[in-house]
Amino acid sequence: MPYKSSVPLFWRLKKSKYNLIGTKCNTCDKVFFPKKSLCPNCRRRGNLDDFQFSGKGKIVSFTVIRVPPEGFEKYAPYAAAIIELDEGARLSGQIVGDFSKVETGKPVRAVFRKINEDGNEGLINYGLKWELSE
Amino acid sequence: MDIGIVGYGCYIPRLRISVDEIARVWGTDAESFKKGLIVEEKAVPEMDEDTITISVEAGRNALLRAGIDPKKIGAVYIGSESHPYAVKPSGTVVAEALGLGENIMVADFEFACKAGTAAMQCCYGLVKAREIEYGLAIGADTSQGRPGDALEYTAAAAAGAFVIGKDPLATLEGTHSYTTDTSDFWRREGEDYPSHGARFTGKPAYFKHVVSASKLLMEKLSLKPSDFNHIVFHMPNGKFPLTASKILGFKNEQIEQGFVVKRIGNPYSGSSPVGLCAILDAAKPGDRILMTSYGSGAGSDSFSFMVTDKILERRDRAKKTEDYIKNKKNIDYGVYVKLRRKLKI
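Figured I'd write up the structure that's included with this text. (Residues numbered from 1 in each chain as written. Chains lettered and ligands numbered in written order. Predicted model: local features only at pLDDT ≥ 70, side-chain atom pairs only at ≥ 80, totals over all residues. Heavy atoms only, no water.)

A look at unusual backbone geometry
The omega torsion across phenylalanine 33 of chain A and proline 34 of chain A is -5°, close enough to zero to call that bond cis. Each neighbour pair has its own omega, and for glycine 297 of chain B with alanine 298 of chain B the value is 10°, a cis peptide bond. Structurally, alanine 298 of chain B can be placed in strand E13 (residues 297–307). In this structure, aspartate 29 of chain A takes a positive phi of about 65° despite not being glycine. Tracing the backbone through its elements, the reader meets aspartate 29 of chain A in the loop between strand E1 (21–25) and strand E2 (31–32). Look at aspartate 29 of chain A and you get exposed, because its relative accessible area is 54%. One non-glycine residue, alanine 112 of chain B, lies in the positive phi region at around 40°. (Helix = DSSP H or I, 4+ residues; strand = E, 2+ residues; numbered from the N terminus. Buried < 20%, exposed > 50% of the residue type's maximum accessible area, 1.4 Å probe, protein only.)

Focus: the layout of surface pockets
When its volume is computed, the largest pocket comes out at roughly 2,100 Å³. Along its surface, the largest pocket is lined by 49 residues, and His83, Pro84, Gln144, Asp192 and Arg341 of chain B are the ones closest to its centre. Counting only elements with at least two residues in the lining of the largest pocket, the list comes to strand E7 (107–117) of chain A together with strand E6 (134–142), strand E9 (185–186) and helix H13 (333–339) of chain B. Classifying every residue of the lining of the largest pocket by side-chain character gives 14 nonpolar, 15 polar and 20 charged. Counted as a void, the second largest pocket has a volume near 1,100 Å³. Along the walls of the second largest pocket sit 44 residues, with Asn19, Gln52 and Ser54 of chain A together with Arg60 and Ala97 of chain B positioned nearest its centre. Residue assignment for the lining of the second largest pocket shows that the elements contributing at least two residues are helix H1 (7–19), strand E4 (56–65) and E7 of chain A together with helix H3 (51–66) and helix H4 (90–97) of chain B. Grouping the amino acids of the lining of the second largest pocket by side-chain chemistry returns 19 nonpolar, 11 polar and 14 charged. (1 Å grid on protein atoms, 1.4 Å probe; cavity = no way out; pocket = protein on both sides within 12 Å on 5 of 7 lines; lining within 4 Å. Points joined across faces, edges and corners; volume = space filled by probe spheres on them. Nonpolar A, V, L, I, M, F, W, Y, C, P; charged D, E, K, R; others polar.)

Thoughts on H3 of chain B
An α-helical turn contains 3.6 residues, so a residue and the one three or four places further along point in the same direction. Residue and element names in this part refer to chain B. Between the first and last C-alpha of H3 there are 22 Å, a value that for 16 residues agrees with the 22 Å anticipated at 1.5 Å per step. One side-chain oxygen at the N-terminal end of H3 lies 3.0 Å from the backbone nitrogen of isoleucine 52; it belongs to aspartate 50. Two residues or fewer past H3, glycine 67 is found with a positive phi of approximately 65°. (Expected span 1.5 Å × (residues − 1). Polar contact = N/O pair within 3.5 Å; in protein donor to acceptor, adjacent residues only side chain to side chain.)

A few points about the sheet that holds strand E12 (residues 288–292) of chain B
Residue and element names in this part refer to chain B. What the 9 strands build is an open sheet, ordered E5-E4-E6-E7-E1-E8-E13-E12-E11; its pairing is mixed. Only two strands of the sheet have a single partner each, and these edge strands are strand E5 (105–109) and strand E11 (230–233). Neighbour-to-neighbour, the strand axes of the sheet open up by a mean angle of 20°, direction not taken into account. In the sheet, E12 pairs with E13 via 5 bridges, with the strands oriented antiparallel. Bridging from a neighbouring strand, isoleucine 289 pairs with phenylalanine 305 of E13. In the packing of H3 onto the sheet, the strands contacted are strand E1 (3–11), strand E4 (73–79), E6 and strand E7 (157–166), and the crossing angle to E1 comes to about 130°. Strand contacts of helix H10 (residues 271–280): E1, E7, strand E8 (170–182), E11, E12 and E13, with the helix running at about 65° to E7, the strand carrying the most contacts. (Pairing = 2+ DSSP bridges. Axes fitted to C-alpha atoms, helices over the stretch in contact; angles between N-to-C directions. Contact = heavy atoms within 4.5 Å.)

Topic: the interface of chain B and chain A
Taken together, the contact pairs 24 residues of chain B with 22 residues of chain A. Between chain B and chain A lies a buried interface of about 2,000 Å² when both sides are counted; carbon and sulfur atoms form 46% of it. Applying the counting criterion to the chain B and chain A interface returns 8 salt bridges. Put simply, lysine 15 of chain A and glutamate 102 of chain B hold a salt bridge, and the shortest N to O gap is 3.6 Å. Inspection of the region where chain B meets chain A yields 11 residue pairs in polar contact (both at pLDDT 80 or more). Sorting elements by how many residues they give to the side of chain B that touches chain A places H3 of chain B first, with 5 residues. (Buried area = accessible area lost by both parts, 1.4 Å probe. Salt bridge = Lys/Arg side-chain N within 4 Å of Asp/Glu carboxyl O.)

Here we look at the side chain of lysine 129 of chain A
Among the structural elements, lysine 129 of chain A can be located in strand E8 (residues 124–132). Given the relative accessible area of 1%, lysine 129 of chain A is considered buried.

Focus: helix H7 (residues 239–248) of chain B
Residue and element names in this part refer to chain B. Within the span of H7, buried status applies to Phe240, Pro241, Ala244, Ser245 and Leu248. For H7, the arc enclosing every buried residue in end-on projection is 130°, short of the 170-degree limit, so these residues lie on one face. For H7, the elements touching its buried residues are helix H6 (202–220), E11 and helix H8 (252–255). Two residues or fewer after H7 comes glycine 249, characterised by a positive phi angle close to 90°. (Arc of directions from axis to C-beta.)

Focus: the nonpolar core
Ile5, Leu136, Val163, Leu276, Leu280 and Phe305 of chain B are the most contacted members of the largest nonpolar core, which has 117 residues in total. The leading source of residues in this core is helix H5 (residues 115–128) of chain B, at 8 residues. Counting contributing residues, this core receives three or more from each of domain 1 (1–52) and domain 2 (55–134) of chain A. In this structure, leucine 276 of chain B is in contact with Ile5, Met120, Phe162, Val232, Ile289, Met291 and Phe305 of chain B, ignoring residues within four places of it in sequence. Ranked by size, the runner-up nonpolar core spans 19 residues in total, among them Ala205, Val210, Ile231 and Ala244 of chain B. (Core = buried A, V, L, I, M, F, W, Y, C linked by side-chain atoms within 4.5 Å. Domains from an automatic or database assignment.)

Focus on the environment of serine 293 of chain B
Residue and element names in this part refer to chain B. Looking at where serine 293 falls in the secondary structure, it is placed in the loop between E12 and E13. In sequence terms serine 293 and glycine 174 are 119 residues apart; their C-alpha atoms lie 14 Å from each other. With sequence-adjacent residues up to four places away left out, serine 293 is seen in contact with Lys114, Thr117, Val210, His234, Ser272, Gly299, Ser300 and Asp301.

Right, dumping it as structure tokens:
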């Protein structure tokens, strides 16, 4: 029976989704998330390696989602934010807990949560969300 | 070389529902429930939390304290009765999320509320047999109680994780299990909620197994109740472990440190593991700890641990049990029904 979400698509991305593994260019020391296969600064002089982020960062900007996309109805209202990781890269993510406490500049840490479920029969997709650090 | 707990960690979800609130909805006497169960409130998972997510969080804390390369973990066993999948091991996701590598033994365990301690015994056996360097054993549950049933006042969510290996912060001195065919609590395949034998869960079930396993372990190790600084038993409610401790001849102060049930309820496979984490958060080198779990069906695993001086350097590397207990938000029964998917739309 076919499911709405692609099983292989999520599987291919699981290492970055579960673990915040990006890349670092050993030439210019810049870090990237998600992974890059070419350093946009150094081009052919670049030398990329896998890089493990610490899972700590701060909120650069956020919005409160009150009309969520399909599959996220049960979480609404929730905050979605752009997060700058301590090591430098930026990514977007869902903030867990009370959205009224979310503010730009507040520190956050990564937490492992369910992202969505493909109905009652399909897969449960897991990944990282973000929680305000105390 | 000594084998035991190299790192430990727990995770308790932030949400709580009080016995008062559940009693308000069902029109029961909250005071008599609170007095009878010795439970004030219980931990409830968020909608995006399940046994896998709470196992990952507890596992991270255990790895932080152990301070080892996660790739050196050779086995991960998760004990739970609320694995999110009927077929697809929780351990596969947890191992990947914790970065444990691919050369690893993984299996999910099930033995009602004692599956987590069974996982600890397996890791201990494998380390002792030199098959693996370290094993990760996790007891975790997001347990369900039928609406209106006595279980609803206590069925909670939490996880306790232990890295088992050499150079421990608590040496495992010995373990003993006691198992019989006693049907005090069960859930048939496909059913949402468990059933139980009400009062039958006491004397022939909980007390017989917890007392027997603890006594037999103490006999095996030539130890007596006064040799232990701390004890923790499975805590289906507050009354059962206190009574078992009295039967065995322990004093109230020995059970206090791990007595988390009053503030978080009964997280099934996570119950005695979280209690043990709370004890390790406060134990001193040289302290001896007795832990006895209980799983319906029925069996008990009893362990004796001797705390080493490694506890002092590793304890503060991760969040403590009390941090999780204090970081809470109370919800009402309506939100609880929504979160626990008790409302069929």
